[in-house]
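Coordinates in review
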Amino acid sequence: MMEERRTVTALLLLVLGHLTTALEVPLDLSQPPTITHQSPKDYIIDPRENIIIHCEAKGKPHPSFSWTRDGTHFDIDHLSNVNMKQRSGTLVVDIRNDKAEHYEGTYQCTARNDHGTALSHNIVVRQSRSPLWSKEKIKPIVVQEGVPLVLPCRPPAGLPPPIIFWMDNSKRVSQSLNGDLYFSNVLRADSRNDYICYARFPHTQTIQQKQPITVKVLNPFYNDTDLFKEPTDERRPTFLTPSGQSSSKVVLRGQVLEMECIAEGLPTPEISWTKVSGELPAERTSYLHYQKTLRIVNVSEADAGEYRCIARNELGSVHQTIHVAVKAAPYWISGSPKNLILAPGENGALTCRASGTPKPAISWAMNGVPIESNRRVDDDTIIFTNVQTGSSAVYQCNVSNEYGYLLSNAFVNVLSEPPRVLTPAHHVYQVIKNHQALLDCSSFGSPIPEITWFKDSRASTLDGEPYKIHDNGTLEIHGSQTRHNGKYTCVAKNMLGISENHVYLEVKEPTRILKQPEYKVVQRGRDAVFECKVKHDPTLIPTMTWLKDDDELPDDERLVVDSDSLTITDVTDSDAGVYTCIMNTTLDQDSASAELTVVEATPTPPVLPDAPTDLELTEQKKRSVQLTWTPGDEHNSPIEKFIIQYEDSLHHKGHWHNLTQVSGMKTTAHLKLSPFTHYTFRVLALNGVGLSRPSLPSRMYKTDPAAPDVNPADVHGFGTEHDNLVISWKPLTANQSNGPGLYYRVMWRQKGVESDWTAVPVRNASKFVVSGTPTFAPYELKVQALNDHGAGPEPDVAHGYSGEDLPLAAPDNVQVQVISSTQAAVHWDAVPAKLLRGHLKGYKVYYWKERGLHKHNHHHEEKQILTFGGNHTHGKLPGLHPFSLYSCHVRVFNGKGEGPPSPIQPFETDEGVPGAPSSLVITDSNVDSLTLEWSPPHDRNGHITGYTLKYHPGKAIAINNVTKDTTISFVQHEFMCIIVTDKYLLYSSNKDIIKNCLNRACFTLSPAVASRQVDIATQGWFIGLMCAIALLILILLIICFIQRNKGGKYPERGCHTDPEFQPMKEEDCTFGEYSDNEDHKPLKGSRTPSNGTVKREDSDDSLVDYGEGGDGQFNEDGSFIGQYSGKSGCRDNPEGPRAQRRPPLSMP
């Protein structure tokens, strides 16, 4: 046994190189299968979607695939709804006509070819479940204020488990890990009837809720049995969960550890955590629910031990100890086994090194068949010696314990292949000086090739400082210098051949900030300038970025970023902070920071700086010049910036323009110039007070002419007629022309037609008209600037269209759908683009009313137009008249105008609610009956099927439904208001004026008939009146008797009333009806009662005006039901008794 162990150890030393080398076999070489993609081990599917179980593999030849389900062959050939993707093992299960639960199970994919068989891990397929909450009636929970409370959640078991949450979370009220809601103590404010536990099922994205729980918190001084009760005392904390003084918890390595301690007490306890056996891992630790939950992510074995939570309030504390044990499902120690490529006759080994708690068991299989223990297998290693061609295979390593398993495929491929370099040829590597350079030389060969590197002339191999060749062939250069620039050659060699590759190394200068921004103290309202001068490699493109307090600069126009500075104008308090300039290139970056402090402004005398002097031009070039000057006196106010202006005496003599500005710390400016310009420069200084006078002008500097640098902008193409194309552009300015003889080359060609560009020169214009074009055709356009010294750059292509014309076609298939009596929807088909002959602007719907559908209605209205912009194909027509015949047609319009109309489409609107009858008259009124007539409404809005007649006899409401006849008779009613409408408001009694009635007639029948309603002889006022008259007659008789006894001579008439002077009887006092209609004339044909009058009253009369009872009430339909009592008074009639003989009815 010891002899075998020594042999294995010796072989391991021989094959150590193969353990550390993982080669990728090019796909054009023969190789066993390799699983490249597979579904997860625990695969939860959505039952609403097709099931897709992934299995992808590579190999040469391409592998074939098969599946097992629950350990037996899964024959998909006999299942019509299960398919396997081509050149793949992925299964697609169509569940449209089946249930997903029928396909639950454990699946495993097998990929095989001539060189071996690879296996996927077991894929457990389960459908997600989000069961409904069981219906239960939850009784209200009644508790006393101050006591603890737990509201259970108990959610349904879903797959995956649901996420539980309540809408309540505070230091006093929090949710536990199992979903229950804990109250450390309850308050009166906790009395509610809507405590709801929610369960969110993440896979199906659904949320379900438990039945609401009602909590009623009683006043501590009162309950149902005792009027007064002692309030709940303050108390020290006790734990609600977990129970007892200690508990334990098991967590798996790499998962999340969550522990909770929820305590009750009054006042509400505070929770704190410690680890008894060590320190809490600060970077992986967080607290939830006001520190009631301790959360540690990515748990390791070091997190095992004792944890203590402490609950504390003013009355004391209590603690709970939680023992945490960390277990581990199997995990790789140094990665999964690597594929092994061996040449015939070589030795090698596959190693499967994994760990776990408890220690996992390791088993091996070859091509899916378990390997019995033999001298080739040493626990986690398989030894291969003197391999031969044809012994390629795929080996499976299975590592498992009670908490999980790992399955890995690794093949042994026996090949004889000459070397090949896989790194792309002539690749250029760039690196910053003094940094590490890594030149790749990825290769393949069997046996494994030996890699050597050469530089330039191959005088010697690169080995030793500063060079290092890694096992994978990569060349490392430590601390690259400029001398390391050049061409490098990588050579791969084995016994079967040689291969080489050339790459290049460029060492760049580092980016450095030469002048860093400086700390500044700036008065409020002044300007602050931070300089950041940078040096970088000229072949790298730099990018300057400024930050404020490690964040982006505010979007404020006061912050101006130049190439090497940041200027903040009119500083405010909010500008204070740390400013950082960052210079980035594609290879490196450098940064520097400075702080800005803003202080209160102090008054300074308003003194301007003196003008700069001694302007000089140096470093004169074709497109640039350097300007230097001497600053003037600052007058105790620092110069903030210098402004450089120029005058172009060739194009704009006498006009000065701002060219650039520089910091007040500078006395030199590098100026970029334009060709064909006669420059004169001057400089102004700016301090906190203002601008100085300009300096004296510099000498003139003339730049040579050149071809234009830019082409005209804003090139557009459009048409003013149907057969032309107008090409327009923004002309160049004099400075942009760069030389004399500026003109434009205008080019165009029709898009989509194979043709050459047509070009014409244009001078002194900014547009050109092309005639004879097809209508609304797309064109490509270019405008190039030229002058006597050449042409500008190649212009960009613009796009435009020739002129539009009226559309040729009308919308087809116009259909109208009536939605209601006043609205209809119109639909149509869009006009084809080729018939639009222009840009589609929209559609116009013309519609008009032909006539009403009632035989008496022949109204015709003007056409109305609705416009629908864009490519709409439907719209709605509002405001239609009910029961009417309408017509409509649709037109399309473009930028030129409207196209022809579609065929006229008639449609009829539905019937609507009719209007009120146009009139209501009484045509015959007798002592016990009357006849009403009314006219149909002006707006019939349909076929009239009948009328509803409402009248008010005294204190009751009566409603009669009548047919389409417009005449009805009434009998034996004293006083009534007739309303022919669906809405009415009645104020009525036998003494009141009827108000606010629509289309009504009010009238009084004769006294003989009315007496059936009220007997005047039994009325108190009538008896009182008669008594008063009798008393008056008695007094007169007594007076006459006394006078006669005295012997006086009185005329006989003095003792008797004038027969023509009679007291007004109550029944002679009638009341007219109120009307808000201007027409107060009596109805034609109405009869005049012998004892009644109808009198017009002002519209402001109220019921109180006609009796003492002003406190009447109205019933639900608006009629007056108040009781009337007291005196009745007749209003004076200036026209005497004769005037009261008018007809008794006036209509509104």
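This one's a predicted model, so the numbers in the text were calculated from it and none came from an experiment. Each residue is numbered by its place in its chain's sequence as written, counting from 1. The predicted nature of this model means local features are confined to residues of pLDDT at least 70 and side-chain atom pairs, given and counted, to a pLDDT of 80 or more, with totals for whole chains, interfaces and linings taken over all residues. Hydrogen atoms and water are omitted, and side-chain values are computed over all heavy atoms in the structure.

**Focus on the overall build of the protein**
Put simply, the rule is: We count a stretch as a helix when DSSP gives it H or I for four or more residues in a row; a strand needs E for two or more, and each element gets its number in order from the N terminus. Throughout, exposure labels follow a simple rule: accessible area from a 1.4 Å probe, protein chains only, divided by the maximum for the residue type, with under 20% read as buried, over 50% as exposed, and the rest as partly exposed. The contact definition used throughout considers only heavy atoms, calling two residues in contact when any of these lie within 4.5 Å. For the area figures, the Shrake-Rupley method with a 1.4 Å probe applies, and any residue is considered shielded solely by the protein chains shown.
When you go through the protein residue by residue, the secondary structure sums to 7 helices and 86 strands. Within the protein, the fraction of its 1148 residues that count as buried is 42%. At a minimum sequence separation of 6, the contacts of the protein that also span at least 24 residues come to 66%. Carbon and sulfur atoms provide 50% of the accessible area of the protein, an area that totals close to 62,100 Å².

**Some thoughts on the nonpolar core**
To keep things clear, this is the line we draw: The definition of a nonpolar core used throughout is a set of buried Ala, Val, Leu, Ile, Met, Phe, Trp, Tyr and Cys residues joined through side-chain atoms within 4.5 Å.
Counting 30 residues, the largest nonpolar core has Ile 51, Ile 53, Trp 67 and Tyr 107 as its most contacted members. Elements with a contribution of two residues or more to this core: strand 2 (42-45), strand 3 (51-53), strand 4 (55-60), strand 5 (64-69), strand 8 (91-93), strand 9 (105-113) and strand 11 (123-127). Apart from residues lying up to four places away in sequence, Tyr 107 is in contact with Ile 53, Trp 67, Thr 68, Arg 69, Phe 74, His 121, Asn 122, Ile 123 and Val 125.

**What about the packing of aromatic side chains?**
Put simply, the test is: Classification of ring pairs rests on two measures: the distance between centres of Phe, Tyr or Trp rings, Trp counted by its six-membered ring, which must be within 6.5 Å, and the angle between planes, read as stacked under 30 degrees, edge-to-face over 60 and tilted in between. Whether a charge sits over a ring comes down to the Lys NZ or Arg CZ being within 6 Å of the ring centre and within 35 degrees of the ring normal.
Applying the stated criterion across every chain, the model contains 17 aromatic pairs. Each ring, one from Phe 165 and one from Tyr 198, has its centre 5.3 Å from the other, and the planes form 10°; the classification is stacked. One end of the pair, Phe 165, is in strand 14 (residues 163-165); the other, Tyr 198, is in strand 18 (residues 198-201), with 33 residues separating them in the sequence. According to the relative accessible area criterion, Phe 165 is partly exposed, its value standing at 22%. Assessed through its relative accessible area of 16%, Tyr 198 is described here as buried. Each residue in the set Trp 67, Phe 74 and Tyr 107 is aromatic and connected to the rest through ring pairs, giving one cluster. One residue, Arg 891, lies across the ring of Tyr 846, its end atom 5.5 Å from the ring centre.

**Quick look at the sheet that holds strand 44 (residues 467-469)**
Just so we agree on the cut-off: Strands were regarded as paired on the criterion that DSSP finds at least two bridges between them. For helices, the fitted axis covers only the stretch in contact; all axes are lines through C-alpha atoms, and the angles between them, taken along N-to-C directions, range from 0 to 180 degrees.
Strand order in the open sheet formed by 3 strands is 41-45-44, with antiparallel pairing between adjacent strands. Edge positions in the sheet fall to strand 41 (437-439) and strand 44, since each of these pairs with one other strand and no more. Direction aside, neighbouring strands of the sheet carry axes that sit 20° apart on average. Note that strand 41 and strand 45 (residues 475-477) share 3 bridges and pair antiparallel. By the bridge assignment for strand 45, Leu 439 is matched with Leu 475.

**Digging into unusual backbone geometry**
For the bond from Thr 241 to Pro 242, the omega torsion is -5°, close enough to zero to count as cis. If you trace the backbone, Pro 242 turns up in the loop between strand 21 (235-241) and strand 22 (246-252). Geometrically, the link from Ser 446 to Pro 447 is a cis peptide bond, its omega value of 5° lying close to zero. As for its placement among the helices and strands, Pro 447 is situated in the loop between strand 42 (443-446) and strand 43 (450-455). For His 426, which is not glycine, the phi dihedral falls at a positive 60°. Its location among the elements puts His 426 in the loop between strand 39 (417-421) and strand 40 (427-432). Even without glycine at this site, Asp 614 takes up a positive phi of about 55°. You can see Asp 614 is positioned in strand 58 (residues 613-618). Residue Asp 614 is classed as exposed on the basis of its relative accessible area, which comes to 53%.

**Notes on a nonpolar patch on the surface**
Convention followed: In this analysis, a patch consists of residues with relative accessible area above 30% that form no salt bridge, clustered at 9 Å for like charges and at 5 Å for the nonpolar side chains Val, Leu, Ile, Met, Phe, Trp and Tyr. By definition here, a salt bridge exists when the distance from a side-chain nitrogen of Lys or Arg to a carboxyl oxygen of Asp or Glu is within 4 Å.
Together, Leu 1031, Leu 1032, Leu 1034, Ile 1035, Leu 1036, Ile 1038, Ile 1039, Phe 1041 and Ile 1042 make up a nonpolar patch on the protein surface, roughly 830 Å² of accessible area in all. Tracing the sequence through the fold places Leu 1031 in helix 6 (residues 1020-1045).

**Here's the deal with the state of the cysteines**
Condition: Only a pair of cysteine sulfur atoms within 2.5 Å qualifies as a disulfide here.
Per the counting criterion, the structure on display carries 6 disulfides. Residue pairing for Cys 352: its cysteine sulfur links by disulfide to Cys 397, the two sulfurs lying 1.6 Å apart. Disulfide Cys 352-Cys 397: the torsion about the S-S bond is -75°, which places it as left-handed. Highlighted residues: Cys 352 in the loop between strand 31 (348-351) and strand 32 (354-357) and Cys 397 in strand 37 (residues 393-401), separated in sequence by 45 residues. Here Cys 352 and Cys 397 have matching classes, each one buried. Two residues, Cys 532 and Cys 581, share a disulfide whose sulfurs are 2.0 Å apart. Here the S-S torsion is close to 60°, and the disulfide linking Cys 532 with Cys 581 is therefore right-handed. Of this pair, Cys 532 sits in the loop between strand 50 (528-531) and strand 51 (533-535) while Cys 581 sits in strand 56 (residues 577-584), and the two are 49 residues apart along the sequence. An identical accessibility class is assigned to Cys 532 and Cys 581; each is buried.

**Remarks on the side chain of Asp 590**
Note the cut-off: Charge assignment: positive for Lys and Arg, negative for Asp and Glu; neither His nor the chain ends contribute. Any pair of nitrogen or oxygen atoms within 3.5 Å is treated as a polar contact; in protein, a donor-acceptor pairing is required on top of that, and neighbouring residues in sequence qualify only through side-chain atoms on both sides.
Turning to its location among the elements, Asp 590 is positioned in strand 57 (residues 589-599). Arg 512 provides the closest opposite charge to the buried, unpaired Asp 590, separated from it by 4.7 Å. Of the polar contacts made by the side chain of Asp 590, one reaches the backbone nitrogen of Ile 513; its length is 3.0 Å.

**As for the sheet that holds strand 7 (residues 82-84)**
Ordered in space as 3-8-7, the 3 strands form an open sheet in which the pairing is antiparallel. At either end of the open sheet lies a strand with only one pairing partner, and these are strand 3 and strand 7. Shown here is a sheet whose adjacent strand axes are inclined to one another by a mean of 15°, direction ignored.

**What about the confidence of the model for the protein?**
To keep things clear, this is the line we draw: Every residue is assigned a pLDDT by the predictor, reflecting its confidence on a scale from 0 to 100.
This prediction gives the protein a mean pLDDT of 82; 81% of its residues lie at or above 70. Below pLDDT 50 for its whole length, residues 1-21 participates in 25 contacts with residues either more than four positions away or in separate chains. In this model residues 225-229 is a low-confidence stretch, pLDDT under 50, and it forms 8 contacts with partners more than four residues away in sequence or in other chains.

**Here we look at the side chain of Lys 641**
Positionally, Lys 641 belongs in strand 60 (residues 641-648). An unpaired buried charge is present at Lys 641: no salt bridge exists, and Asp 527, the closest side chain of opposite charge, is 4.5 Å distant. Discounting residues that sit within four places of it in the chain, Lys 641 has contacts with Asp 527, Gln 661, Val 662, Ser 663, Gly 664, Leu 684, Ala 685 and Leu 686.

**Section: the pairing of strand 74 (residues 823-829)**
As judged from the 6 bridges shared by strand 73 (residues 812-820) and strand 74, these two strands associate in the antiparallel manner. For Ser 820, the partnering residue across the bridge sits in strand 74 and is Gln 823. Connecting the antiparallel pair strand 73 and strand 74 is a turn made up of 2 residues. Across 4 bridges, the pairing between strand 74 and strand 77 (residues 874-877) is antiparallel. Bridged to Ala 824 within strand 77 is Leu 877.

**Looking at the pattern of salt bridges**
Enumeration over the complete set of coordinates arrives at 29 salt bridges. Measuring nitrogen to oxygen at the nearest pair gives 2.9 Å for the salt bridge that ties Glu 136 to Lys 210. Residue Glu 136 is located in the loop between strand 11 and strand 12 (141-144), and its partner Lys 210 is located in the loop between strand 19 (206-209) and strand 20 (213-218); the two are separated by 74 residues in the primary sequence. When its relative accessible area of 33% is taken as the criterion, Glu 136 is described as partly exposed. The salt bridge involving Glu 898 is made with Lys 844; its shortest N-O contact spans 3.0 Å. Of this pair, Glu 898 sits in the loop between strand 78 (884-894) and strand 79 (905-908) while Lys 844 sits in strand 75 (residues 840-852); the two residues are 54 residues apart in sequence, bridging distant segments of the chain. The network of salt bridges with shared partners includes Asp 168, Arg 192 and Asp 194.

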